[in-house]
Each structure stands twice: as structure tokens, then as C-alpha cells.
Amino acid sequence: MQLLPFCVGMLLFHCGEGSQWIRTSMSGMDQTLLSLIDQERMDYLSTIAARLDSHRLSFVDFDPDPSANQTGSAGHTLLNTPNKEHEQMNDLSQFWLPTLAILAIAFEAFHMKWSEVDWTLQDAAGDGPEGAMAEHVETSLAGLTVKLLRRATSLAKIYFVGAGKVKGRAYMVMLLCHNFFGQYLSLVNFDYMSRFWNFYQHPSQAVFMALMGNWFVLYGSMCLTAVYSRYIESMLMIHWKDHMTRYFQRIWVPHSYAFKMKDDRRLDNPDQRIQEDIGHFVASSYDLTFGLLDAIIQLGIYSFMLVKVQPKSAFPGLLFGIALTYTVLGSVVVHWIGKDLAILSWQGERYGGHFRAELRRVHDQGETVAALRSHDAELTRLQSRFEDLKLNKWKGMILKKKLGWFDRIYDPFKSVLFVCVLMPFFIKGEVSLGTVKQCEMALSRITASLSFFIHEYKQLASYRAQVDRLYDFRCCGLAFMKDKQAGKPPGTSESADVPDAQADRELHQVLERGAPSITRELAEVLELKRATLSLPSGETLLDVDFRVTRGTSILLCGAEGSGKSTLLRALAGIWPFVRLTEPPSMALTLDDCILIPQKPKLPAPMTIRQALTFPKAPENFSDELISDVLLKVRLPELLLLDLDEPLDVNGALSGGQFQKLMVAHCLLAKPAFILLDESMAHLSWENQLHLYGLLTSDLVAPGISGMVSTCHNVQDLASFHQVHYRITRKDSVHCDSTGSTDGIGGASHTLELLEPGELLKDVKEEDFQRRLIEQDEEIAMLRQALQRLQDGRAE
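The rules behind these values
- Residues numbered from 1 in each chain as written.
- Predicted model: local features only at pLDDT ≥ 70, side-chain atom pairs only at ≥ 80, totals over all residues.
- Heavy atoms only, no water.
- Helix = DSSP H or I, 4+ residues; strand = E, 2+ residues; numbered from the N terminus.
- Buried < 20%, exposed > 50% of the residue type's maximum accessible area, 1.4 Å probe, protein only.
- Contact = heavy atoms within 4.5 Å.
- Areas by Shrake-Rupley, 256 points an atom, 1.4 Å probe, with all protein chains shown as cover.
- Pairing = 2+ DSSP bridges.
- Axes fitted to C-alpha atoms, helices over the stretch in contact; angles between N-to-C directions.
- Salt bridge = Lys/Arg side-chain N within 4 Å of Asp/Glu carboxyl O.
- Polar contact = N/O pair within 3.5 Å; in protein donor to acceptor, adjacent residues only side chain to side chain.
- Phe/Tyr/Trp six-rings, centres within 6.5 Å; stacked < 30°, edge-to-face > 60°.
- Core = buried A, V, L, I, M, F, W, Y, C linked by side-chain atoms within 4.5 Å.
- Expected span 1.5 Å × (residues − 1).
- Bend = angle between axes of the 7 residues up to and from the residue.
- Left-handed = near helix turned anticlockwise from the far one by under 90°.
- Patch = residues over 30% accessible without salt bridge, like charges linked within 9 Å, V, L, I, M, F, W, Y side chains within 5 Å.
- Parallel < 35°, antiparallel > 145°, perpendicular 65-115°, else oblique.

Caption draft 1: Region of interest: the overall build of the chain. Across its full length, the chain carries 28 helices and 11 strands. Looking at the 795 residues of the chain, the share that counts as buried comes to 43%. For the chain, restricting intrachain contacts to residue pairs at least 6 apart in sequence, the fraction spanning at least 24 positions comes to 77%. Of the accessible surface of the chain, which amounts to about 42300 Å², a share of 59% is contributed by carbon and sulfur atoms.

What follows is the structure, given as C-alpha cells:
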């Protein structure tokens, strides 16, 4: 399409035998179009072409006398004198340019007052609390070249050695073929441009028609290549993104709790890394790869062409040397100006994720916000998050403004430099106008190729941030997988700077063939062998040897913050801050252990049937079994609802109903071990007794399951458990479900076995009286309900 203006210009010529043909061809045109083509312009362009061809106006032959008459046949000035040329810019040089400079200086001096930014805020990579754990972002020249290439290649192999081993490589081969054919078309266009510009000097109707025919052939080929290249590119990107998304989901979801507890401050916003960073990485990787490939190919092709068409009297390699020197200087300057752009891009991703997470938290906790009337406090928190984002944007704007200054100077000065170098040869008549245009085009392509680093610097800085975020995320996730394979809780080991090769291979196998099915028998023992439990702060909480077998029920009691929940999570194998002297004999599966936390939540929307069986498929359980279980846990009201209607069970059910639903899930799933972390705190005492009785009679007593529960007072649930422990703030001891103890010291809390006689040691008479009164009240309520039922039946 860039030649269309030239085609219109050719129609304006009035020269030789083509003039009559042009008049005849235009005779049928619309009068509006004819009015745009005036005779004087046609005469003027004809005169220019004739003088360029016959006289080759030179600075030597030109008469500098201001009084000389340098006009064409229609009275138009062909060339100004130097004085007249200077006068053409008087208004701009003497008034507007100084005015613009003064306005720019004034703007720079005062516009920062309008920024409304707190410039004293600390960056995430600075000295703030988040900065201590922040990921390192490389801002050196090597970080944007060699190290970036190494990390990006490692991430790209996820696809090209996995799902893209055949399909992805086939896409790349097709795109490379299209690219090479595009380069061939570019060479054809290069040669065509020379003939086209030479035609300006020797116009002919027959040649013009031939040129236009070739133009349609050339640009038809370009259109076909461009359209299908773009379509195949889209096919590659969506397949590439799909595989990488599944890869990182497989890394994150099984270890999301470990990520949250151990690396949430360092590896922030995993959802953003999966949803946004992967998409940006795929698109940027493709663009930069083929951009670099194009730059290398065009550098080789046009360097050869430039040497071939450059003026004979020029020093060999002169033009290429000028382009190379100019580009190297530009690369050094642009990196010196924009070296902090990578860290700003990384911080922008981090702050944006924090702000979105805060908005989402306000949405999810809307009831709490309304109940506490904490609107003003929430607005303050949101604004604080946005201030970090705003400061980062302003710093990026200032840096990009400096880079914009450089770009505005670099590219135009390049064109002027090449014109100044080539013009003496044209004035002397050593080269034709077509050759000059060829040299300019070749120099432009060579400089664009050599300036790839300069032109793509902003994208490279952003790309470096995306690669670092995904690379560190991957290393951490593979370290978690390695811990799991070794039988350790995820996050026990420190993540390395290099992805674990064995874990990566096994993950690829899972993605290709699916997760291997485990057909072993259920675990018979759940234990922690001489384990040390720590808090996220690093403080040692508890040293234990703990063992529970199927058919055994154990009660853990202790004050708030004593470590009951932490011990249950360590037993379930999900607590990352634990050191094991001896790894467990086998990894736990879905059927081995169910941990019900204090405030469980399920995905939404979800049907009642799915909520009862999640994460297993509801098709594995019959309607009769589901109805029987709901009646057992005293949830008959749910049977009146449509069990297959999607709803948000977290909000539709009350706290007590939800806890009953979790007990019903345990009765359906029949796991080897049930861990209850105060999981019935929202229920009445009567319902607690009923549900614990169900679990004991249906699962524990037959030896199907082992059960570990937590509470504050051992007397509350002692009758439903065979072994009782208390966690107190003392030196640690060695203990297990058999009752043996052995002090091992070093922790802030200890786990001690309670003898049967100790259960009532700390109980006061007032507690007995209170318990008796509560039971009498419950009995009276039941009698009243029974009487109303009997009266209703009699009526």
C-alpha cells in the first residue's frame, strides 16, 4: 500500500506520449477527481523530472544569486537560495522554537506538583518489609541479554519438549517458511523500488502499466503470506498458552497452601502469574524471537546489497561502518537511560496484583465490612495499595519520557545522517535516484536490525520481569514437588535457582499421560516421627513423636495459640514448617486422610450433591446413600431442596449446617483418618454429642477410620476419645498414642499425655453445675418438642 501515493503521483505527470494517454484515460472520471489534478502541478513535476535527468542540479552549477530566476514553466520556484531557505523557517526558529523550549522548561519545573504522589514511599525491592523477601530482578546489560535468554529458553522448553514437541515445532516450521518467503518478497520489493524510482526519470506508459501489474503480483503474494502467517501464529500461541497454563496449575494447585504459608510474600499473586504473565510471556517470546530472526536475516541480506549498490568511489564498508558505529553508541545510551525499567515493570506487576487482591478481599468479606462498618478503613487500605501503584506508574512515566526523548532524536537524526552521506555522490552524478533510494532503504534496514536492542528495550525490560516471575514460581513449585516425592511436607526444602530436572520430567509425564492411579491399601498408621514443628516466624513450636492407628480416637486440648491446628496440619502432611528426622513410610492420598479446618470453604457454585462428595465425583454415591447420610447428621431440610441445583453452599448454609455437611462427607468418603480442628464449634452441645457418636459408631469403632480432634477443654469430648493429650507451654516431650513419653526439649510447647484420673483434676464444681443446668434445659426443650408432636398427631 505504500506505493499507492507514488501511483497517484505518476498520474500527475504530463510528459511525452503518456500525456495524451493520461488525458484520454481521465476523460471519463468523476469531475470531483479531475478538479484535484491541475495542469500546473503536472507541468511542475514534469519539469523536475526533466531537470533531474538532463542537468542533475548540483550545488556547483547552482547560482546563489538571490535575484536569479529559478522558476519552472508555470512560474513555480524549483530551488530556493540558501538565504530564502533560511527565511522559510524564520517564524519557527525565531519565535515558535524558543517559545516551545520555554514552555517545556516551565512545565518540567511545575508539573510534578500536580502528580499527587507520595515520593517518600519505599519500593518492594527497597528496605520495606516486602523488600526483604522480594525476588531479585537483574537490571544489568547481561541480565537483559544472556541471562534473560537462558531463563526464557528454560521456560520455552516447557512447551516445546512437552505438548508442543510435534505440533508446536510444526507450527514453528510453517512460520519460519513464511518468514523466509517474506524475506524473499522483501528482496523482490527492494529491486522493484529501484526500477520504480528510475521510472520517475524516464517515464513511459508501457513501463508504467508493467510496473502496476508487477505491483499487484507482489502485494498479492505479500497479503497471502501475511494473513496466513498471522493465523498460524494465533494457533501456535493458544496451544502454547494452554500447555503452560496447565503446567503451572499443576505446580500451584496441589501446593497452594504451602505457597500461601511459606512463599506468599516473596512469590506474590500466583493467580496473576498464571493468568497474565503466561499470556504475556508467550506473546513476547514469539515477537522477540521472530523480531530477532528478522533482524539477523535482514542484516545479512541488506549488508550484502548495500556493498553491492554503494557508490564505487566510497571507501569499502563505509556506509555499513557508519550504521554499526551509530547503533552501538545508541545501544549504550539507551541502556544507561533505561536500566531501571525492568525493576519498575516487575514492581508494577506486583503492586497491580496487590491492589486487585485487596479489591477481591473486600468483595469476599462484604458481610464483615458491613457488620463492622469498616468502609472508611477499607477505603484507606485500598488507597494505600493504589498509592504504591501510582508511584510506580509515575516513575515509569518519567523514565519512558527520557527514552522517548532519545527515540525522537535517534531515528530522525539517523535519516539525516544517511542523506548527508549519500547526497555528495548523487550531486556528482555517480549514482541515480533509484540507487540513492536503494542505499537509503538498505541503510534503514541495517540500522533497524542493529538497533533491535534499542527499539525493543522497553519490551525487553517488561519481558525480563515476566520471565523472572514465572521462572522463580516454577523453581519454587518444582521444589515443593521434590519434597512431596521424598515424603516431606511441601516447602520443607528451600527452592533452588535452577528447576529440579527430575520433578520437571515427572510433571511432563503427568501432563501427557494423566496422574498415575494409586491402587494400594489405605494407610494403617498416621505418624510424625521425632518431628519439629515451627511457626512461619522460625520459632520452634513443638517437638513430637505422634502416632495414631485406624480404630483409635485421640483428643488434643490446649489454649488458643498452643499449636493444636498446626499439629493437625503436620499430621495431614500440608504444614511446610516441619523438620522430620525420619520421613513417613508412604505419601498420603485422598482416601487416606481428611482434614476439616475450623472454617472450611467449598468452590461455588456447587450443588448439594457435589458438596457432599467433593472432591470425588457424585456419581460414585447413590441417592439412597446420600439421603441416609443427610438424615443421620440431622439435615432433613436439605432433602426438601433440589440436590442438583447450583448454589453457593458457603453462604446458603448456616455455620452449623455447613459443619454437619462436612461430617456427612466423612461418613460417605470413609477415609482412613479424620482430623477435626474444632470442626463442630458452631453446633449445639446436643448436636456435637450426636455427630461425635455417629463418627465413633460408624467409622472408629469398626476400625475403618482413626480420628484426631481438637478442643479447648478435655472434659468436653473426653467420652468419645480413647487417648487424651494436652499441649502446654513447657519443655517438649516424646509421646505417642500408647502413652509413652520422652523429653526432647528445645520447643516452646509440649505435648503431654493425660491419665484417666487427670481428666477431672482441673474441673471445678461450678463447671459441673453449669453442665447439669445446660443438659436439663436441653431435656426440657426436647420434651416440649415431643409433646407438640404428639398433640399434632392426635389432632
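Caption draft 2: Expanded view of the sheet that holds strand β1 (residues 525–534). If you walk across this open sheet you meet the three strands as β2-β1-β4, and the pairing is antiparallel. Bordering the open sheet on either side are β2 (540–549) and β4 (578–580), each of which pairs with just one other strand. Strand-to-strand twist of the sheet, defined as the mean angle between neighbouring strand axes without regard to direction, takes the value 30 degrees. Across eight bridges, β1 lies against β2 in antiparallel orientation. Along β2, the bridge assignment pairs A531 with V544. Seen against the sheet, helix α20 (residues 564–572) touches β1 and β2 and runs at an angle of roughly 125 degrees to β1.

Caption draft 3: Region of the structure containing the sheet that holds strand β6 (residues 673–677). In space, the six strands of this open sheet follow the order β5-β6-β7-β3-β8-β11, with mixed pairing throughout. Among the strands making up the open sheet, the edge pair consists of β5 (593–596) and β11 (750–753). Along the sheet, successive strands turn relative to each other by an average axial angle of 20 degrees, direction set aside. Judged from the four bridges that link them, strand β8 (residues 723–728) and β11 form a sheet pairing that is antiparallel. Looking at the pairing, Y725 lines up with L753 of β11. Contacts between helix α25 (residues 655–669) and the sheet are confined to β5 and β6, with β5 contributing the most and set at about 175 degrees to the helix.

Caption draft 4: Representation of the pattern of salt bridges. For the structure shown, the criterion picks out 23 salt bridges. Here R356 ties to E276 by a salt bridge, and the two come within 3.7 Å at their closest N and O atoms. Of this pair, R356 sits in helix α13 (residues 341–364) while E276 sits in helix α11 (residues 270–309); the two residues are 80 residues apart in sequence, bridging distant segments of the chain. On the accessibility criterion, E276 (23% relative accessible area) is partly exposed.

Caption draft 5: A look at the side chain of S285. On the secondary structure map, S285 appears in helix α11. A distance of 2.6 Å separates a polar side-chain atom of S285 from the backbone oxygen of F281. Aside from chain neighbours lying at most four places away, what touches S285 is W240 and Y463.

Caption draft 6: Geometry of the packing of aromatic side chains. Tallied over the entire structure, the rule returns 21 aromatic pairs. Between F355 and F386 the ring centres are 5.4 Å apart and the planes differ by 55 degrees, which places this aromatic pair in the tilted class. Pair noted here: F355 is in helix α13 and F386 is in helix α15 (residues 375–427), with a separation of 31 residues, a long-range link. The exposure class of F386 is partly exposed, given its relative accessible area of 33%. Feature note: the residues Y159, F160, W240, F281 and Y463 constitute an aromatic cluster, connected by ring pairs.

Caption draft 7: Representation of the nonpolar core within the structure. Ranked by size, the top nonpolar core spans 55 residues in total, and within it L155, L236, W240, M244, F248 and F281 carry the most contacts. If you look at the next biggest cluster of nonpolar residues, it comprises 43 residues, including L602, F658, I674 and L683.

Caption draft 8: Summary view of the environment of L542. Following the sequence through the fold, L542 ends up in strand β2. With a relative accessible area of 0%, L542 lands in the buried category. For the pair L542 and S748, spaced 206 residues apart in sequence, the C-alpha separation works out to 6.5 Å.

Caption draft 9: Representation of the side chain of S449. Examined against the element boundaries, S449 turns out to sit in helix α16 (residues 433–450). Here S449 falls in the buried class, since its relative accessible area comes to 9%. A polar side-chain atom of S449 sits 3.1 Å from the main-chain carbonyl oxygen of A295. In this view, S449 contacts A295, Q298 and L299; residues no more than four positions away in its chain are not counted.

Caption draft 10: Examining the environment of W197 more closely. One can find W197 in helix α8 (residues 167–201). Considered as a pair, W197 and G434 are 237 residues apart in the sequence and their alpha carbons are 4.9 Å apart.

Caption draft 11: Focus on helix α6 (residues 90–110). For α6, spanning 21 residues, the distance from its first C-alpha to its last is 30 Å, which sits close to the expected 30 Å at 1.5 Å a residue. Residue W96 marks the point of greatest curvature in α6, where the axis turns by about 35 degrees; the proline P98 follows within four residues.

Caption draft 12: Quick look at the pairing of strand β3 (residues 553–558). For β3, the tally of buried residues reaches six of six residues, placing the bulk of the element in the interior. By the alternation rule, side chains of β3 split into S553, L555 and C557 and I554, L556 and G558, which are all buried. Across five bridges, β3 lies against strand β7 (residues 706–711) in parallel orientation. Counterpart to I554 in the pairing with β7 is V708.

Caption draft 13: Seen up close, the packing of helix α12 (residues 318–338) against α16. Packing of α12 against α16 leaves a shortest axis separation of 9 Å and a crossing angle of 35 degrees. For α12 against α16, the interelement crossing comes out right-handed. Between α12 and α16, the residues in contact are L319, F320, A323, L324 and T327 and L443, I446, T447 and L450, respectively.

Caption draft 14: Geometry of a nonpolar patch on the surface. On the surface, M89, L92, F95 and W96 cluster together into a nonpolar patch covering about 430 Å² of accessible area. Along the chain, the position of L92 falls in helix α6.

Caption draft 15: Looking closely at unusual backbone geometry. Residues F614 and P615 are joined by a peptide bond in cis, for which omega reads 10 degrees. Topologically, P615 is positioned in the loop between α21 (608–613) and α22 (623–632). Unlike most non-glycine residues, R634 shows phi in positive territory, near 65 degrees. Within the secondary structure, R634 sits in the loop between α22 and α23 (636–639). Given the relative accessible area of 32%, R634 is considered partly exposed.

Caption draft 16: Molecular detail of the packing of α8 against helix α9 (residues 205–252). It is at 9 Å that the axes of α8 and α9 come closest, and there the two elements cross at 160 degrees. Between α8 and α9, the crossing angle belongs to the class labelled roughly antiparallel. When you trace α8 past α9, the crossing you get is left-handed.

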